[in-house]
Amino acid sequence: MPKLLKDQVVVVTGASGGVGRCVARMLGERGAKVGLLARGIDGLNAAAREVEAAGGQALVLPSDVSKPDQVEAAAQAVEEQLGPIDSWVNNAMVSMYSTFMNMTPDEFRHIVEVTLLGQVYGTQSALKRMIPRDRGVIISVGSALAYRSIPLQSAYCASKHGIEGFVESVRSELIHDKINVRVSMVHLPGVNTTQFIWTKNKMPHKVRPTGPIYQPELAAEAILFVLENERRQLYLGYPTVEAIVGEKFIPGLLDKYLAHAAWEGAMLPQPADPNHVDNFWQPVPGDQGAHGPFDNEAHTISPQLWATKHRNALLAGAAAIAGAAGLAWWAAKSEDGDGHWH
């Protein structure tokens, strides 16, 4: 049965923009109590207004997820002011467009600390509270890049690969100890988010997502579906499925293909702005909303997501069709030429 989110307490990291902002708003529409974590206070306050206007309750918690003490303090504040945490969505990230050799060790470390270790710290704070109650759901937002890396995103891809390995290990430990806390992943394709407004860029051109682009509302829809339905993981969009399947069967060919397609494909014709303000070390002031600059080409529907959400009905329908076809075949084989049954 779907999990009802009304009056549920849900923590969302990276809630000030992009996917996290959409998740928070949709949780508000379902009447949830939402703990909002991010560094940028302007975006957090705007997210809180959206949650409450939609019918939910919001708690703003300015936090840097790369700091475990801040994550733990935020979790404690949520429990004190909203109630026991039912679900936790690990979504916060930071990235950079750069070749590996043009990155400093501090820059690489920072991406890993926010994108990977931020999920580690969030999961640990959530489990600290969920395990004694023997209930709860933790969603880790992953990526097609958790399975198939691309150039110019070495630290981010390393982090997403690390999240996948981390989640699988924790899930197995919970199963071993017979703990009824569910840990799930939602893997995303390129999404039209604020990432492409404020991401640090060392390349000579402005950047864009590689491949087809999806609106963040679709990503949020996928995340909420997994919150409400017991799924180990969910892939959004056919590019995600293609990347995962391709890596299993033709990894060497993908190395050569993506060396160009995901390099040139991530560049726009316009030169990069030398005065571009990024959120790498500090949040960008002001409210940037949820969408990036690619509304005119981003997909608003995903047949693959629809099929994934309705897979049980589709499987039942396929089984019924197969059964009817088998019955018709048996009937045809059982009837003789005169119309009599054997």
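Definitions and limits used
- Residues numbered from 1 in each chain as written.
- Predicted model: local features only at pLDDT ≥ 70, side-chain atom pairs only at ≥ 80, totals over all residues.
- Heavy atoms only, no water.
- Salt bridge = Lys/Arg side-chain N within 4 Å of Asp/Glu carboxyl O.
- Helix = DSSP H or I, 4+ residues; strand = E, 2+ residues; numbered from the N terminus.
- Core = buried A, V, L, I, M, F, W, Y, C linked by side-chain atoms within 4.5 Å.
- Buried < 20%, exposed > 50% of the residue type's maximum accessible area, 1.4 Å probe, protein only.
- Contact = heavy atoms within 4.5 Å.
- Phe/Tyr/Trp six-rings, centres within 6.5 Å; stacked < 30°, edge-to-face > 60°.
- Pairing = 2+ DSSP bridges.
- Axes fitted to C-alpha atoms, helices over the stretch in contact; angles between N-to-C directions.
- Polar contact = N/O pair within 3.5 Å; in protein donor to acceptor, adjacent residues only side chain to side chain.
- Expected span 1.5 Å × (residues − 1).
- Bend = angle between axes of the 7 residues up to and from the residue.
- Patch = residues over 30% accessible without salt bridge, like charges linked within 9 Å, V, L, I, M, F, W, Y side chains within 5 Å.
- Areas by Shrake-Rupley, 256 points an atom, 1.4 Å probe, with all protein chains shown as cover.
- Lys, Arg positive; Asp, Glu negative; His and termini not counted.

Chemist: Got a minute to help me understand the pattern of salt bridges in this structure?
Modeler: Opposite charge on two side chains allows them to pair when their charged atoms are near. The tally for this structure, following the rule as stated, stands at 17 salt bridges. One salt bridge connects Glu50 with Arg25, and the closest N-O pair in it is separated by 3.7 Å. Placement of the pair is Glu50 in helix H2 (residues 41-54) and Arg25 in helix H1 (residues 18-29), with a sequence separation of 25 residues.

Chemist: Explain the nonpolar core here, please?
Modeler: Nonpolar side chains tend to gather and get buried jointly when the protein is soluble and globular. Formed by 43 residues in total, the largest nonpolar core has its most connected members in Leu61, Val78, Ile85, Trp88, Ile111, Met130 and Leu174. Put simply, the parts of the chain that give this core at least two residues each are strand E1 (9-13), strand E3 (57-62), helix H3 (68-81), helix H4 (105-133), helix H5 (154-176), strand E7 (182-188) and helix H9 (251-264). Trp88 has contacts with Val11, Thr13, Leu37, Val71, Ala75, Gly122, Ser125, Ala126, Met130, Val137, Ile138 and Ile139, leaving out every residue within four places of it along the chain. Residues Val19, Val23, Val186 and Phe225 belong to the second largest nonpolar core, which totals 40 residues.

Chemist: Explanation requested: the packing of aromatic side chains in the structure shown.
Modeler: Ring pairs (aromatic) are described by centroid distance and by the angle formed between their planes. For the coordinates displayed, the defined rule picks out five aromatic pairs. Ring geometry for Tyr147 versus Tyr235: centroids 6.2 Å apart, planes at 85°, classification edge-to-face. Of the two residues, Tyr147 is situated in the loop between strand E6 (137-143) and H5 and Tyr235 in strand E12 (residues 233-235); the sequence distance between them amounts to 88 residues. Here Phe196 and Phe294 contribute two aromatic rings whose centre-to-centre distance is 6.0 Å and whose plane-to-plane angle is 80°, an arrangement assigned as edge-to-face. Of this pair, Phe196 sits in helix H6 (residues 195-198) while Phe294 is found in the loop between strand E13 (267-271) and helix H10 (303-309), placing the two residues 98 residues apart along the sequence.

Chemist: Explanation requested: the sheet that holds E7 in the structure shown.
Modeler: Pairing between the strands of a sheet is mediated by backbone hydrogen bonds and can be parallel or antiparallel. Spatial strand order, E3-E2-E1-E4-E6-E7-E12: seven strands in an open sheet with parallel pairing. Lying at the two open borders of the sheet, with one neighbouring strand each, are E3 and E12. Each strand axis lies, on average, 15° off the axis of its neighbour in the sheet, ignoring direction. Here four bridges tie strand E4 (residues 87-90) to E6, and the two strands are oriented parallel to one another. Its bridge partner lying in E6, Trp88 is registered against Ile138. The strands touched by H1 within the sheet are E1, strand E2 (33-38) and E7, with E1 carrying the most contacts at an inclination of about 165°.

Chemist: Looking at this structure, I do not really get the side chain of Asn91. What am I missing?
Modeler: Assignment of secondary structure puts Asn91 in the loop between E4 and strand E5 (96-97). Of the polar contacts made by the side chain of Asn91, one reaches the backbone oxygen of Gly14; its length is 3.3 Å. Each residue touching Asn91, except ones within four places of it in the same chain, is listed here: Thr13, Gly14, Val19, Gly20 and Val141.

Chemist: In this structure, what is going on with H9? I would like to understand it.
Modeler: Turn by turn, an α-helix covers 3.6 residues, leaving residues three or four places apart pointing in a common direction. In a regular helix each residue adds 1.5 Å, so 14 residues correspond to 20 Å; H9 covers 19 Å between its end C-alpha atoms and thus fits that length. Maximum bend of H9: about 40°, positioned at Tyr257. Looking at H9, one finds that the buried residues are Leu254, Leu258 and Ala262. The elements touched by buried residues of H9 are helix H8 (238-249).

Chemist: What am I meant to see in a nonpolar patch on the surface here?
Modeler: Residues Val245, Phe249, Ile250 and Leu253 make up a contiguous nonpolar surface patch of about 420 Å² in total accessible area. You can see Ile250 is positioned in the loop between H8 and H9.

Chemist: Would you mind going over unusual backbone geometry with me for this structure?
Modeler: Residues other than glycine predominantly adopt negative phi, and peptide bonds predominantly adopt the trans conformation. Even without being glycine, Leu152 reaches a positive phi, approximately 75°. For Lys178, which is not glycine, the phi torsion reads 55° and is therefore positive. Its location among the elements puts Lys178 in the loop between H5 and E7. Residue classification places Lys178 among the exposed residues on the basis of a relative accessible area of 69%.

Chemist: Sorry, what's going on with the environment of Met185 here?
Modeler: Within the secondary structure layout, Met185 lies in strand E7. A residue is classified by how much of its surface remains accessible, and Met185, at 1% relative accessible area, is buried. With 49 residues separating them along the chain, Met185 and Leu234 place their C-alpha atoms 6.5 Å apart. Apart from the residues lying within four places of it in its own chain, the contact partners of Met185 are Ser140, Gly142, Ile163, Glu164, Val167, Arg171, Arg232, Gln233 and Leu234.

Chemist: Looking at this structure, how should I read the side chain of Arg182?
Modeler: Turning to its location among the elements, Arg182 is positioned in strand E7. Buried charged residue Arg182 carries no salt bridge. Nearest counter-charge: Glu230, at 4.7 Å. A distance of 2.9 Å separates the side chain of Arg182 from the side chain of Ser184, its partner in a polar contact. Beyond its immediate sequence surroundings of up to four residues, Arg182 is in contact with Gly136, Val137, Ile138, Ile139, Val226, Leu227, Asn229, Glu230 and Arg231.

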